[in-house]
Amino acid sequence: MSANVQRLAPATMPDAKAAAEVFALPTPATRPGSWSKTLASIAANVVPPLVVVALILVIWQILCATPGASLPAPSQVWAEAGELIVSPFFDYGQGDIGLGLRVLISLQRVAIGFGIAALVGVTVGAVIGQSIWAMRGLDPIFQILRTVPPLAWLPLSLAAFMDSAPSAIFVIFITSVWPVIINTAVGVRNIPQDYRNVARILQLNQVEFFFKIMIPAAAPYIFTGLRIGVGLSWLAIVAAEMLTGGVGIGFFIWDAWNSSRLSDIIVALVYIGVVGFILDRLVAAVGAFVTRGTTAN
Amino acid sequence: MTYLRIENVDKQFDRAGQRSEVLKDVSLDIARGEVISIIGHSGCGKSTLLNLIAGLTEVSSGGIQLEGREVNGPGPERAVVFQNHSLLPWLTVYENVNLAVAKVFGKTKTGSERHDWIMQNLDLVQMSHAKDKRPTEISGGMKQRVGIARALAMQPKILLLDEPFGALDALTRAHLQDAVMDIQKRLGSTMIMITHDVDEAVLLSDRIVMMTNGPSARIGEVLPVPLERPRNRIELAGDRTYLKCREAVLKFLYERHRFVEAA
Ligand SMILES: Nc1ncnc2c1ncn2[C@@H]1O[C@H](COP(=O)(O)OP(=O)(O)O)[C@@H](O)[C@H]1O
Ligand SMILES: [Mg+2]
């Protein structure tokens, strides 16, 4: 039992850590009260990245400003794709829409795919975590499946659904469901025996046990899984949209590449990065809110 | 007369093909309203015995009856106070007690009756002031009080306490012992309490059950404590009966059933 958990945990945790490290900004420890302190802490967190961004832009400008450069310099990006930056929500009809709108369309798909993955993942993970034999039998299979890259699922899913829209959603689902299952199962395995005894003495039924003990007790693990999952979803949607078409941000990049609009691609990359960062932070924040008090026991 | 009857109970654990016999031929009759302490060296099988009574584990042979009915499985009529409180950390003090009350009285009491019952039990352990705090925000002694309130709120026929004050400092422990004695006097609860503290056993119990060392632990001796209630720890400190009881327990534990491995 414990051997299994130990094998599972390190396999999933590095992902979470890596994701956290890549995007991690020190969260300001804001205390109500002194305004100047709050301002100082905001400045301490915002100024360094701004300085770095400015430096990068300058270096990039110097490197790409030469006439024969293969990539556009920042000044050129601004000239060619400035509208994409300043007005995210324009709509000129015939699919010519701002990147903000495209992101929203992609997010819609992610919401469906990842929503299903979260529901299925938590339920399946909870059932598996309850049974040591299910865990032993399924864990190796999940460990293998979770390493399959999102796009590798696409042909199969196109063949199965014969339509690009559900295929893209399926790819998101199948990419993001594994970390949710695995982490939920580990969380359920780690529920202290005392909590189970409390439930037994109160004669809680399966449903009551699931909602009142299992989910809250495993919540920190579940949110680790969800956080990894949402990151994977965002990776998957962009890749899937490049191949399935539509009006999402992924297809926009593919389309821009086909018409050699490199500046547009660069702007789209920034959008994708920022949205991915926000998604990660959002899930982390929800997790921190929901599990407050649970972890420190 | 007999309320809880433990009859020729054996308990073995089978683990990895190896059988270990923990309890051998344990019999004990307990009357309604009685307070029993179980004392014995660490690892002898005290928790195992309590879990058998709670129904959390099954007897290997023999039987346990409460009011003439066979115990087979856990239930709120045999509430347990665990050593490490085992409050659910994501619920407030009030919600922790409510979890039990909603389950046990969900059908028989109205919402406002249940609220009153929760507050009444929190009052009993003097914890109503912290009803909206989470377990992480209160001290160890307070957590244990809430654990007791949760158990009492199930209105159990018998209250089972597994080293309830073992993790507390001496002062807090004394406060809680007084609280338990007070509650027992008011409610007339039947209680079985595991302890490794000789003074606690003598102060609180009507009878002290002393267990021999494992494996195959038995009940070595049952010592009645003929002290009037209410008991006052300061008055008793020099009381002859108190001291004799104390001496009897100490002799059992440290002369006749010395814990060799601990030496
Ligand atoms: N679930 C179990 N499986 C196997 N052995 C157990 C189990 N529970 C307890 N034991 C064994 O039973 C013995 C008594 O344990 P316990 O009742 O916890 O002792 P105490 O509470 O008196 O310190 C110990 O040797 C312990 O290893
Ligand atoms: Mg014990």
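Just above, that's the structure.
Figured I'd write up the structure that's included with this text. Here the structure is a predicted model, which means the values were calculated and not measured.

### Some remarks on the overall build of chain A
Right, so step 1: The number of helices and strands found in chain A is 11 helices and zero strands.
Right, so step 2: Taken from the N to the C terminus, the helices and strands of chain A come in the order α-α-α-α-α-α-α-α-α-α-α.
Right, so step 3: For chain A, the proportion of its 297 residues judged to be buried stands at 41%.
Right, so step 4: Split by element, the accessible area of chain A, about 15,600 Å² in all, is 72% carbon and sulfur.

### Quick word on the overall build of chain B
Right, so step 1: In terms of helices and strands, chain B carries eight helices and 10 strands.
Right, so step 2: Compactness check: chain B gives a C-alpha radius of gyration of 19 Å against a globular reference of 18 Å for 263 residues, within 12% of the reference.
Right, so step 3: Expressed as lengths along the three principal axes of its C-alpha atoms, the size of chain B is roughly 55 × 50 × 40 Å.
Right, so step 4: Out of the 263 residues in chain B, the part that is buried amounts to 53%.

### Focus on the nonpolar core
Right, so step 1: Ranked by internal contacts, the top residues of the largest apolar core, which has 153 residues, are Trp234(A), Ile249(A), Leu4(B), Leu122(B), Ile192(B) and Ile208(B).
Right, so step 2: If one sorts the elements of this core by residue count, helix 9 (residues 206–244) of chain A sits on top with 15 residues.
Right, so step 3: Dropping the residues within four chain positions of it, Ile208(B) is found in contact with Ser37(B), Ile39(B), Ala201(B), Val202(B), Glu221(B), Val222(B), Leu223(B), Val225(B) and Val249(B).

### Here's the deal with the packing of helix 4 (residues 99–130) of chain A against helix 5 (residues 132–145) of chain A
Residues and elements named next belong to chain A.
Right, so step 1: At a closest axis distance of 6 Å, the pairing of helix 4 and helix 5 adopts a crossing angle of 125°. As far as their axial angle goes, helix 5 and helix 4 are oblique. Residue-level contacts link Ile-128, Gly-129 and Gln-130 of helix 4 to Ile-132, Ala-134, Met-135, Leu-138 and Phe-142 of helix 5.
Right, so step 2: Here the contact of helix 4 with helix 5 is composed, by residue class, of six nonpolar, two polar and no charged.

### Quick look at the environment of Glu58(B)
All names here are of chain B.
Right, so step 1: Within the secondary structure, Glu-58 is located in the loop between helix 1 (46–54) and strand 4 (61–66).
Right, so step 2: Residue Glu-58 is classed as exposed on the basis of its relative accessible area, which comes to 66%.
Right, so step 3: Once residues lying within four places of it in the same chain are set aside, the contact partners of Glu-58 are Lys-11 and Leu-52.

### As for helix 8 (residues 193–201) of chain A
Right, so step 1: The buried fraction of helix 8 of chain A is high, at seven of nine residues.
Right, so step 2: For helix 8 of chain A, the set of buried residues is Asp194(A), Tyr195(A), Arg196(A), Asn197(A), Val198(A), Ala199(A) and Ile201(A).
Right, so step 3: Residues of helix 8 of chain A that are buried in the fold lie against helix 4, helix 7 (164–189) and helix 9 of chain A together with strand 6 (78–81) and helix 4 (140–153) of chain B.
Right, so step 4: With its phi angle positive at about 55°, Gln203(A) sits one or two positions after the end of helix 8 of chain A.

### Quick word on helix 5 (residues 170–187) of chain B
All names here are of chain B.
Right, so step 1: The end-to-end C-alpha separation of helix 5 is 26 Å, in line with the 26 Å expected for 18 residues at 1.5 Å each.
Right, so step 2: Buried positions along helix 5 lie against strand 3 (35–39), helix 3 (111–124), helix 4, strand 8 (190–195), helix 6 (198–204) and helix 7 (233–236).
Right, so step 3: The first or second residue beyond helix 5 is Gly-188, which carries a positive phi of 65°.

### Brief notes about a nonpolar patch on the surface
All names here are of chain A.
Right, so step 1: On the surface, Trp-35, Leu-39, Ile-42, Val-46 and Leu-50 cluster together into a nonpolar patch covering about 560 Å² of accessible area.
Right, so step 2: Locating Val-46 in the fold gives a position in helix 2 (residues 35–64).
Right, so step 3: On the basis of relative accessibility, which here comes to 40%, the residue Val-46 falls in the partly exposed class.

### A short note on the sheet that holds strand 9 (residues 207–211) of chain B
Residue and element names in this part refer to chain B.
Right, so step 1: Spatially, 6-7-8-3-9-10 is the arrangement adopted by the six strands of the open sheet, whose pairing is mixed. Strands with a single pairing partner mark the edges of an open sheet, and in this sheet they are strand 6 and strand 10 (219–224). Pairwise comparison of adjacent strand axes, ignoring direction, gives a mean angle of 20° for this sheet.
Right, so step 2: Along the sheet face, helix 4 touches strand 6 and strand 7 (158–162) and points at about 175° away from the line of strand 6.
Right, so step 3: With respect to the sheet, helix 8 (residues 240–256) is in contact with strand 3, strand 9 and strand 10, its orientation differing from that of strand 10 by roughly 170°.

### What to know about the site of ligand 1
Residue and element names in this part refer to chain B.
Right, so step 1: All residues adjacent to ligand 1 are Phe-13, Arg-15, Val-22, Ser-42, Gly-43, Cys-44, Gly-45, Lys-46, Ser-47 and Thr-48.
Right, so step 2: Take Gly-45: an N or O atom from its main chain is 3.0 Å from an oxygen atom of ligand 1.
Right, so step 3: Within the side chain of Thr-48, a nitrogen or oxygen atom sits 2.5 Å from an oxygen atom of ligand 1.
Right, so step 4: Coverage of ligand 1 by the protein chains reaches 61% of its 570 Å² of free accessible surface.

Cut-off values and rules
Residues numbered from 1 in each chain as written. Chains lettered and ligands numbered in written order. Predicted model: local features only at pLDDT ≥ 70, side-chain atom pairs only at ≥ 80, totals over all residues. Heavy atoms only, no water. Helix = DSSP H or I, 4+ residues; strand = E, 2+ residues; numbered from the N terminus. Buried < 20%, exposed > 50% of the residue type's maximum accessible area, 1.4 Å probe, protein only. Areas by Shrake-Rupley, 256 points an atom, 1.4 Å probe, with all protein chains shown as cover. Rg over C-alpha atoms; globule rule 2.2 N^0.38 Å. Core = buried A, V, L, I, M, F, W, Y, C linked by side-chain atoms within 4.5 Å. Contact = heavy atoms within 4.5 Å. Axes fitted to C-alpha atoms, helices over the stretch in contact; angles between N-to-C directions. Parallel < 35°, antiparallel > 145°, perpendicular 65-115°, else oblique. Nonpolar A, V, L, I, M, F, W, Y, C, P; charged D, E, K, R; others polar. Expected span 1.5 Å × (residues − 1). Patch = residues over 30% accessible without salt bridge, like charges linked within 9 Å, V, L, I, M, F, W, Y side chains within 5 Å. Salt bridge = Lys/Arg side-chain N within 4 Å of Asp/Glu carboxyl O. Pairing = 2+ DSSP bridges. Near = heavy atom within 4 Å. Polar contact = N/O pair within 3.5 Å; in protein donor to acceptor, adjacent residues only side chain to side chain.

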